[in-house]
Amino acid sequence: MSPSSSSPVRSAAAPPGHSERLALPWWLWLAGLAAAALLAAEVWMGAAGVRAWLPFAVLVPAALFGLWRLGRIRIAVRDGELRVDDARLPVRFVADAVPLDTAGRREVLGVGADPLAFVVQRPWIGGAVQVVLDDPADPTPFWVVSSRRPVELAAAILAARDADRDAT
């Protein structure tokens, strides 16, 4: 490959990034739309006039919007930050990142869960990452973030943290 090719070249200092979207599976879209259509049919119940079309015109788009909002969360590790939707965590405050399977997530978020933890979890996603914090000024002990690829996310967080520490 020639040096003039258009493929991006990653520098040795740049840690690998991670990006994913916590989208809904197809069957949740189907179930949500079926529930909205059933509710609209219940309101309609054979009536004429506005009651014939208004429930469908309101409930089906409202269900689509709600389902879209549920699956819009994005997770990324880039520019020295863990980004979970609108939340930002500089990787310099990360003590550890632990990938969790379904049972591990259940244990961390179960009965003995810390109420000060920052949690973004989606029940249709089995894996998660627990990000343990090392910031004396922040009362949040850890973050728990759902992920379809928890091992990759944890590795990207730790690589970004190590790169940030090496840069300083």
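You'll find the structure just up there.
For the structure given in this document, a descriptive report is provided here.

Procedures and definitions
- Residues numbered from 1 in each chain as written.
- Predicted model: local features only at pLDDT ≥ 70, side-chain atom pairs only at ≥ 80, totals over all residues.
- Heavy atoms only, no water.
- Phe/Tyr/Trp six-rings, centres within 6.5 Å; stacked < 30°, edge-to-face > 60°.
- Helix = DSSP H or I, 4+ residues; strand = E, 2+ residues; numbered from the N terminus.
- Buried < 20%, exposed > 50% of the residue type's maximum accessible area, 1.4 Å probe, protein only.
- Pairing = 2+ DSSP bridges.
- Axes fitted to C-alpha atoms, helices over the stretch in contact; angles between N-to-C directions.
- Contact = heavy atoms within 4.5 Å.
- Polar contact = N/O pair within 3.5 Å; in protein donor to acceptor, adjacent residues only side chain to side chain.

1. Observations concerning the packing of aromatic side chains
For the coordinates displayed, the defined rule picks out 3 aromatic pairs. Aromatic side chains Phe 65 and Trp 68 sit 5.8 Å apart centroid to centroid with 35 degrees between the ring planes, which places their arrangement in the tilted category. Of this pair, Phe 65 and Trp 68 both sit in helix α2 (residues 50–70), 3 residues apart, roughly one helical turn. Residue Phe 65 is classed as exposed on the basis of its relative accessible area of 51%. Judged by centre distance (4.3 Å) and plane angle (45 degrees), the rings of Phe 118 and Trp 143 are tilted. With Phe 118 in strand β6 (residues 118–120) and Trp 143 in strand β8 (residues 142–146), this residue pair connects regions lying 25 residues apart in the sequence. Since its relative accessible area comes to 26%, Phe 118 is described here as partly exposed. A relative accessible area of 7% means that Trp 143 is categorised as buried.

2. Brief notes about the sheet that holds strand β1 (residues 18–21)
Taken in spatial order, the 4 strands of this open sheet run β1-β2-β3-β4, and their pairing is antiparallel. Looking along the sheet, the strands with just one partner apiece sit at the ends: β1 and β4 (87–90). With direction set aside, neighbouring strand axes in the sheet form an average angle of 10 degrees. Where strand β2 (residues 74–78) and strand β3 (residues 81–84) come together, 4 bridges link them in antiparallel fashion. Residue pairing for β3: Val 77 is matched across the bridge by Leu 82. Set on the sheet, helix α4 (residues 150–167) makes contact with β1, β2 and β3; between it and β2 the angle comes to about 35 degrees.

3. Side note on unusual backbone geometry
Despite not being glycine, Asp 79 has its phi angle at roughly 55 degrees, a positive value. Relative to the elements of secondary structure, Asp 79 occurs in the loop between β2 and β3. By relative accessible area, Asp 79 is classed as exposed at 64%.

4. Remarks on the pairing of β2
Two elements, β1 and β2, share 4 bridges in a ladder whose sense is antiparallel. The residue of β2 that forms the bridge with Arg 21 is Arg 74. Between β2 and β3, which pair antiparallel one after the other, the connecting turn spans 2 residues, and Asp 79 there sits at a positive phi close to 55 degrees.

5. Observations regarding the side chain of Arg 83
Looking at where Arg 83 falls in the secondary structure, it is placed in strand β3. We classify Arg 83 as buried; its relative accessible area is 15%. Within the structure, the side chain of Arg 83 is placed 3.1 Å from the side chain of Glu 81, a separation counted as a polar contact.

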